[in-house]
Amino acid sequence: MKQLVQRAVEILNDIGVDYGDVRAELIRTENTDFRNARLDDCRTVETEGVGIRVLVGGSWGFSACTGMNKDDVDAAVERAVDIARAAGSRGKVELAPLDIQQGVYSGPCEIDPFEISREDKIALLHKASDEMMKDPRIKNSFAQLWFEKRDRIIGSTRGDLIETDLVFSQPALMATAVAGGDAQSRALQDGARIAGWEWIEKSGIGSWGEKAREEALMKVLADESPSGEMDLILDGLHLGLTMHESVGHPTESDRALGWEANMAGRTFLDISHQGNLRYGSDMVNFLADNTLPYGVATWGWDDDMVPGKKWYTVKNGIFQEFGSVRETALLMGKKTSTGCCRAMNAQCFPINRQPNFYLEPPENGVTPEDLASDIDHGIWIEGRGSFSIDQRRENFQFGGDLFWEIRNGKKVRPLKKVIYRSRTPEFWGSLDGIADKKYFRTMGLLTCGKGEPMQSARMTHGASYSRFRGIEVGGGK
Amino acid sequence: MTKQEMLEFAEAAVKAAGTLDAVAVLTESRNASVRFGQNRITQNLDVFRRELQLTVGDGEKQATVNSQKIDINALPGIASEARGLLATSVPDPEYMSPVPEGQVYPVIEDAWDESTSQCHAAPRMEAVGLVIDTAAENDLLAAGICRMGYEKIALATSTGNLVAHRSTSSGLSFTMDKGLASSYIALNGTSWSELNTNSAITSVTEQVKLDEGAEELEPGDYKIILEPQATWNLLMFLPWVMSARAADEGTSVFSGMEGKKLTGENFTLSSSLLGGRPGNPFNGEGLPAEDVVWFDRGILRNLPCDRFTAKKTDRPPFFVPDTVDMAGGHGTVEDLVAGVDRGILIRRFWYIRFVDQKTLKLTGMTRDGVFLVENGRIVKPLKDFRWNWRPLELFSNMLRVGTPERKAAGMVPPVVFSEQHYPFTD
């Protein structure tokens, strides 16, 4: 793979492009899926290919092929250069400076999941699935183990050469109960980590079958949500999605530049807001961290070959900086990229993606129950459910996966069909309590869709239980 | 690869499997696109892909390997991996052997345009240049994508079925912005030459000006007028959730509803292989596609049904062949607007998601053009708003249906719905 990259880089140097990089990736994925307690999919997927990105006269050209065939790579090099030339001067690309990068990065992986036998994986899922289906009111169940080994080499005409190998692991499980003319689900939603089999063991998927069954049944039989202005207690898995939609996306630099206006949308932020716009209460500190251990955006370098960085997106409630790539950093008034350039695979052009980021938790000894004790009437929400936000990332509506009504400081009854609505700065401005960092929990997201042609990307978000005041709650029936 | 080469490769993959049952699907695609934003090109792509999917079975269990090593010498290794995976699998009570021999597949010639398949760069650059230059001349910012490409697919089964299909596609979609005002259009076609780019550019440029100075919508009752793009954004959720199995399990809005009237009589939804958007003649199992009426004048006639559920419940095994048409009437968006006394015209929806799957309640936002209509005329632009609606209720209350247009996966009309009360949330 390395020789193929170096050879293509040599050809680009011979042609004399202004800049070129060659990214080869070999991705091996393994799926074991159970549906309704039967093995539904037993599969391996090998994705391999080479992507060539060139700059000629300020315009990009990108071509790619599947496989590692030398002739196909040569043809891709030729196509990339041809279409860059065809673009003439409509590109205007200027890249932020970056020192030459060379090195090797391996993600953390204690127990190689590809060394665990398929029989053991099937047995684990079978047990969890059988547990879910023990009650006849569970009409649908899903359980999955998913693993990926991703080897990547990028070389450039500047002399950069990086090699990375990452292993991703994800357990998933969901039970759907049907009763009283309604259907409700409960799911394990911690998502993926850059880690090995140790993450599967730690996730507790083996014991989640019973939990998913009982909580799905509790939910389908629960009362529907009351409506009105209430306080909310939201857990880390729930907030992971809320922050993804209302903080991660609006702080992408390509949106601020209007490059996503046709598809993923724009942002309510503009470049002048960096360093001065109030995004939330003083308690709100969003730390972006592409060095986060087990974070699914911790790749050593991004696809611009910018090393993983750590920075505040929001500090003490004030918006600090957009996430950027080398092409957008200068346009955002910054000297360097934050390192947010990633592609779905070698056959995709790398674009501006969200980093790992999280709501920084305090060391204050506060428990989630302490937070609830100060609420007269509110809702306790765990996990993710319905979600929707406008294309400027201001006006949102979220559901959840498990709900409890809070009365006079206590959880009093389970609920279902809860949704809440708010606007981004008002919502984060209403945050007035965060539980101790020992309640911090992350979710690793593999399927953030963006771009045209659509690409999915990965990032990890997290938070401790947090309290929000005076939020509009409506029924979702 | 030629059709013959692809068929031979798929057949060779099945032979290499050496298992009782096998299905091989070989795909080849090329996608060339130019993406632009802020009146500059931001991506310029030409991507070539090939992939083999080999599913093997022994009569009671199965396993699948996907590989991008498209080389006859790689087949023994791929087949060996598939057999190894099969050995670790467990019996599946829903196991289905490949479709029996002698399947007859529809032939869809109109899905291919030779010129479009060549993916020449010049037409893309010319179209994008025209969009960008027109935007700049009018002090607007354009963003969008211009694309063309092809996909070829060949399928072989161990039961002796062998079939291939190829299709091309083209598209141009873009927004133009002036401050908070914006407009949008999406053209879709089989060939590049069928896209009317000049007309689209003129239309979007003019529509941005109409969107300047948008105001909040006042609470009240309004008829809802959807442009075809918005109809498609809403309609596409129906084929996503239509499933005979989900209906039987009780998790769907369609549970116990087959044969019943769920919408108004002016709502008919069907898939036609030779319709405005050519369909795929077979699915990944080698099952032939056929024309299906899903909703017939409001009555739910059929649901997509996998082969196991079909066998178990004595239904025909149907799938959506990547094309869905909503029956229309006559009239342009302008004609529909002219007949509305008080309503809201919506160009496009955004971020539609389920609120409640069991009742098919959805939420979403408007974007890139919302207008107040009074006495048959657009009187002012409106700010985007959120809605929580049940599409089956909306399609039960269609006052008028216009002439269908081709959108991403089928033909859809502009529609006028009866009054809804704003705010459109609970």
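No experiment lies behind these values; they were computed from the predicted model shown.

Conventions we followed
- Here the residue index of a chain counts from 1 through its sequence in written order.
- As a convention, the first chain written is A and the first ligand written is 1, with the rest following in written order.
- Totals for whole chains, interfaces and linings use every residue, but because this is a predicted model, local features are given only for residues with pLDDT of at least 70 and side-chain atom pairs only at 80 or more, for both listing and counting.
- Just so you know, side-chain values use all the structure's heavy atoms and leave hydrogens and water out.
- The helix count covers DSSP runs of H or I at least four residues long, the strand count covers runs of E at least two residues long, and both are numbered beginning at the N terminus.
- Put simply, the radius of gyration uses C-alpha atoms, and a globule should come to 2.2 Å times the residue count raised to 0.38.
- Buried means the residue's accessible area, taken with a 1.4 Å probe over protein chains only, is under 20% of the maximum for its type, while exposed means over 50%, and partly exposed covers the values in between.
- Contacts are residue-level and defined by heavy atoms, with any inter-residue pair within 4.5 Å sufficient.
- Note on areas: Shrake-Rupley with a 1.4 Å probe; residue coverage comes only from the protein chains shown.
- Only four residue types enter the tally: Lys and Arg on the positive side, Asp and Glu on the negative side; His and the chain ends are excluded.
- Charge positions are represented by NZ for Lys, CZ for Arg, CG for Asp and CD for Glu.
- Between rings of Phe, Tyr and Trp, where Trp is taken as its six-membered ring, a pair exists when centres lie within 6.5 Å; planes separated by under 30 degrees are stacked, by over 60 edge-to-face, and by other angles tilted.
- For a Lys NZ or an Arg CZ to count as sitting over a ring, it must be within 6 Å of the ring centre and within 35 degrees of the ring normal.
- The split into domains, and so the bounds of each, comes from an automatic or database assignment of domains.
- Here the quantity called buried area is the total loss of accessible area, with a 1.4 Å probe, experienced by two parts when brought into contact, counted for both.
- The salt bridge definition used is simple: a Lys or Arg side-chain nitrogen within 4 Å of an Asp or Glu carboxyl oxygen.
- For the purposes of these results, a polar contact is taken to be a pair of N or O atoms within 3.5 Å, where, inside protein, one atom must be able to donate a hydrogen and its partner to accept one; residues adjacent in sequence count only when each atom of the pair is a side-chain atom.
- Residue type decides the class: Asp, Glu, Lys and Arg count as charged, Ala, Val, Leu, Ile, Met, Phe, Trp, Tyr, Cys and Pro as nonpolar, and the leftover types, Gly among them, as polar.
- Each residue after the first adds 1.5 Å to the expected span of a helix.
- We define the bend at each residue as the angle formed by axes fitted to the 7 residues ending at it and the 7 residues starting at it.
- A pair of strands is considered paired only if DSSP assigns at least 2 bridges between the two.
- Between N-to-C directions, angles cover 0 to 180 degrees, with each direction set by a line fitted to C-alpha atoms, over the stretch in contact for helices.

(A) Looking closely at the overall build of chain B. Summing up its helical and strand segments, chain B has 11 helices and 21 strands in all. Since a compact globule built from 426 residues should have a radius of gyration of about 22 Å, the 24 Å found for chain B is in line with a globular shape. The dimensions of chain B, computed from C-alpha atoms along their principal axes, are 70 × 55 × 35 Å. Per-residue burial over chain B gives 60% buried out of 426 residues. Once local pairs closer than 6 in sequence are excluded, the contacts in chain B between residues at least 24 apart make up 72%. Summed over its atoms, the accessible surface of chain B is roughly 16,300 Å², and 48% of this surface lies on carbon and sulfur atoms.

(B) Here's a closer look at the overall build of chain A. Counting secondary structure elements, chain A contains 10 helices and 26 strands. A globule of 477 residues ought to have a C-alpha radius of gyration of about 23 Å, and chain A, at 23 Å, matches this closely. Taken along the three principal axes of its C-alpha coordinates, chain A extends 70 × 55 × 40 Å. When each of the 477 residues of chain A is scored for burial, the buried share is 68%. Contacts in chain A between residues at least 24 apart in sequence constitute 76% of all its contacts with a sequence separation of at least 6. Element-wise, carbon and sulfur atoms account for 47% of the exposed surface of chain A, whose accessible area totals about 15,600 Å². Across chain A, 59 positive and 71 negative side-chain charges occur, with their mean positions spaced 3 Å apart.

(C) Layout of the packing of aromatic side chains. Residues and elements named next belong to chain A. Inspection of every chain in the model, using the stated rule, returns 37 aromatic pairs over all chains. Here a set of aromatic residues connected by ring pairs shows up, and it is made of Phe286, Phe357, Phe396, Phe398, Tyr420, Phe427, Trp428 and Phe468. Sitting over the ring of phenylalanine 168, arginine 458 keeps its end group 4.5 Å from the ring centre.

(D) How the structure looks around the domain arrangement of chain B. All names here are of chain B. In terms of domain boundaries, chain B breaks down into domain 1 (3–209) and domain 2 (212–235 + 327–422). The C-alpha centroid of domain 2 is placed 31 Å from the C-alpha centroid of domain 1. The interface is formed by 14 residues belonging to domain 1 together with 10 residues belonging to domain 2. Across the interface of domain 1 and domain 2, roughly 1,100 Å² is buried in total on both sides, 42% from carbon and sulfur atoms. When the area that domain 1 buries against domain 2 is broken down by residue, the three leading residues are Tyr184, Asn188 and Gln207, summing to 46%. The interface formed by domain 1 and domain 2 contains zero salt bridges. Put simply, domain 1 and domain 2 have six residue pairs in polar contact (both at pLDDT 80 or more) between them. Among the secondary structure elements, those contributing two or more residues to the side of domain 1 that touches domain 2 are strand 5 (162–178), strand 6 (181–189) and helix 5 (197–210). Tallying contributions element by element places strand 6 first for the side of domain 1 that touches domain 2, with seven residues. Across the side of domain 1 that touches domain 2, the residue classes tally to four nonpolar, seven polar and three charged.

(E) Just the environment of methionine 1 of chain A, in detail. Residue and element names in this part refer to chain A. Structurally, methionine 1 can be placed in the segment before helix 1 (2–15). Sequence separation between methionine 1 and glutamate 25 is 24 residues, and the spatial gap between their C-alpha atoms is 8.2 Å. Those residues in contact with methionine 1 that lie beyond four places of it in its chain are Ala24, Glu25, Leu26, Met68, Asp151, Arg152 and Ile153.

(F) Broad picture of helix 6 (residues 236–248) of chain A. All names here are of chain A. Compared with the 18 Å implied by 1.5 Å per residue over 13 residues, the 15 Å span of helix 6 between its first and last C-alpha is markedly short. At threonine 242, helix 6 is bent by approximately 30°, the largest bend along its length. Counting buried residues in helix 6 gives 13 out of 13 residues, a clear majority hidden from the surface.

(G) Up close: the sheet that holds strand 14 (residues 361–366) of chain B. All names here are of chain B. An order of 13-14-17 is seen for the three strands of this open sheet, with the pairing classed as antiparallel. Looking at the sheet topology across the chains shown, the edges are occupied by strand 13 (349–356) and strand 17 (386–389). Neighbour-to-neighbour, the strand axes of this sheet turn through a mean angle of 20°, independent of strand direction. Judged from the five bridges that link them, strand 13 and strand 14 form a sheet pairing that is antiparallel. Directly across from tryptophan 350, in strand 14, lies its bridge partner methionine 365. On top of the sheet, helix 6 (residues 228–235) reaches strand 13, strand 14 and strand 17; it is set at about 30° to strand 13, its chief contact.

(H) View of the domain arrangement of chain A. Residue and element names in this part refer to chain A. What the domain assignment lists for chain A is domain 1 (2–221) and domain 2 (224–475). Contacts between the two partners involve 57 residues from domain 1, matched on the other side by 48 residues from domain 2. Each partner contributes to the roughly 4,300 Å² buried at the junction of domain 1 and domain 2, and carbon and sulfur atoms together form 55% of this total. Linking domain 1 with domain 2 are 10 salt bridges, by the criterion used here. Taken together, the links from domain 1 to domain 2 amount to 23 residue pairs in polar contact (both at pLDDT 80 or more).

(I) Region of the structure containing the sheet that holds strand 21 (residues 415–422) of chain B. Residues and elements named next belong to chain B. What the six strands build is an open sheet, ordered 16-15-12-7-21-18; its pairing is mixed. What marks the edges here is a single partner per strand, and that holds for strand 16 (377–381) and strand 18 (398–401). Going from strand to strand, the sheet's axes swing by 35° on average, the running direction of each strand aside. Examined bridge by bridge, strand 7 (residues 220–226) and strand 21 share six bridges and lie antiparallel to one another. Each bridged residue has a counterpart across the sheet, and for glycine 220 the counterpart in strand 21 is tyrosine 422.

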